[in-house]
Amino acid sequence: MCETLLGARQGPPVSSGSHGLPHPRHLQISSPHPHFVLQVIILVHWLLTAWGCLEFSNSYAWANFTILALGVWAVAQRDSIDAISMFLSGLVATILLDIIYIGIFYPRGNLTDTNRFGAGMAILSLLLKPFSCGLVYHMYRERGGEFLLHAGFLGPSQQRSAYQTIDSPEAPADLYASPEGKGYTPQGY
């Protein structure tokens, strides 16, 4: 019953333990659906942002809720690389914005319980964002996105294309060679 609830599948039939259940190493737990994971990320960050707005408002709320709207777009457009890449880049940007915003506007004195709770939820949201970025980046790669941090400006690219430069290491074919392998001498006019 537990395997059914967790989405586990039994591996090949092997000898079971004394209680009739398969050995734990033969259970394969399937990964959750990627769209479900994205929905959970959005829900958790929406809840933490809403609670964080108890203490921080205005630009904190605008930045985070705008990025969450991009996340809803990424859920709606399940195959769009643009939607998931915009959500990922927005999450990365809000990490920096949240650090600055919390650092500037964190209350220094007389904290009520509500203020402390709101600040704590904003900090918890900030701490969870790198983990969320990792999960969203994994979904970005699953949708066909390429590695974002291509350092082509640091050196030559390792990618090969059909285009060859003039100073190609391969020797050009001799256009004037005859089929017998002897050189052809062009005649003057």
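1. A closer look at the overall build of the protein
The helix and strand inventory of the protein stands at five helices and two strands. Each helix and strand of the protein, placed in order from N terminus to C terminus, yields the pattern α-β-β-α-α-α-α. In the protein, buried positions account for 26% of the 189 residues. Long-range pairs, those at least 24 residues apart, make up 66% of the contacts in the protein with a sequence separation of at least 6. Entry remark: accessible area of the protein is about 14000 Å², with carbon and sulfur atoms responsible for 63%.

2. With respect to the packing of aromatic side chains
With the rule as written, the count across this model stands at six aromatic pairs. A centroid spacing of 5.9 Å and a plane angle of 75° characterise the contact between F56 and Y101, whose relative ring orientation is edge-to-face. With F56 in the loop between α2 (34–52) and α3 (59–76) and Y101 in helix α4 (residues 81–105), this residue pair connects regions lying 45 residues apart in the sequence. The same class applies to F56 as to Y101, namely buried. What links up through ring pairs into an aromatic cluster is the set F56, Y60, Y101 and F105.

3. A closer look at the side chain of R143
Residue placement: R143 occurs in the segment after α5 (113–142). Nearest to the buried, unbridged R143 among oppositely charged side chains is D79, at 6.1 Å. There is a polar contact of 2.9 Å between the side chain of R143 and the backbone oxygen of S80. Contact partners of R143, with chain neighbours within four places excluded, come to H35, L38, A74, Q77, R78, D79, S80, I81 and I84.

4. Let's talk about α3
The terminal C-alpha atoms of α3, which comprises 18 residues, lie 26 Å apart, in line with the 26 Å expected from a rise of 1.5 Å per residue. The complete set of buried residues in α3 reads Y60, A61, A63, N64, I67, L68, L70, G71, A74 and V75.

5. Concerning the environment of L128
As for its position among the elements, L128 is in helix α5. By relative accessible area, which is 31% here, L128 ends up partly exposed. A C-alpha to C-alpha distance of 8.4 Å links L128 and H45, two positions 83 residues apart in sequence. In this structure, L128 is in contact with V44, H45 and L48, ignoring residues within four places of it in sequence.

6. Here's the deal with the nonpolar core
In terms of nonpolar packing, the biggest core is built from 25 residues, with L38, I42, F56, I84, F87, L91 and V136 touching the most fellow members. If you list the elements that add at least two residues to this core, you get α2, α3, α4 and α5. Sorting elements by how many residues they give to this core places α4 first, with eight residues. Look past the residues within four positions of V136 in its chain and what remains in contact with it is L38, I41, I84, F87, L88 and L91.

7. A short note on unusual backbone geometry
With glycine set apart, most residues show a phi of negative sign, and most peptide bonds adopt trans. In this model, N58 sits at a positive phi of 55°, which is unusual for a non-glycine residue. Structurally, N58 can be placed in the loop between α2 and α3. Residue N58 is classed as exposed on the basis of its relative accessible area, which comes to 58%. Of note, N110 is a non-glycine position whose phi angle comes to about 25°, a positive value. Its location among the elements puts N110 in the loop between α4 and α5.

About the thresholds
Residues numbered from 1 in each chain as written. Predicted model: local features only at pLDDT ≥ 70, side-chain atom pairs only at ≥ 80, totals over all residues. Heavy atoms only, no water. Helix = DSSP H or I, 4+ residues; strand = E, 2+ residues; numbered from the N terminus. Buried < 20%, exposed > 50% of the residue type's maximum accessible area, 1.4 Å probe, protein only. Contact = heavy atoms within 4.5 Å. Areas by Shrake-Rupley, 256 points an atom, 1.4 Å probe, with all protein chains shown as cover. Phe/Tyr/Trp six-rings, centres within 6.5 Å; stacked < 30°, edge-to-face > 60°. Lys, Arg positive; Asp, Glu negative; His and termini not counted. Salt bridge = Lys/Arg side-chain N within 4 Å of Asp/Glu carboxyl O. Polar contact = N/O pair within 3.5 Å; in protein donor to acceptor, adjacent residues only side chain to side chain. Expected span 1.5 Å × (residues − 1). Core = buried A, V, L, I, M, F, W, Y, C linked by side-chain atoms within 4.5 Å.

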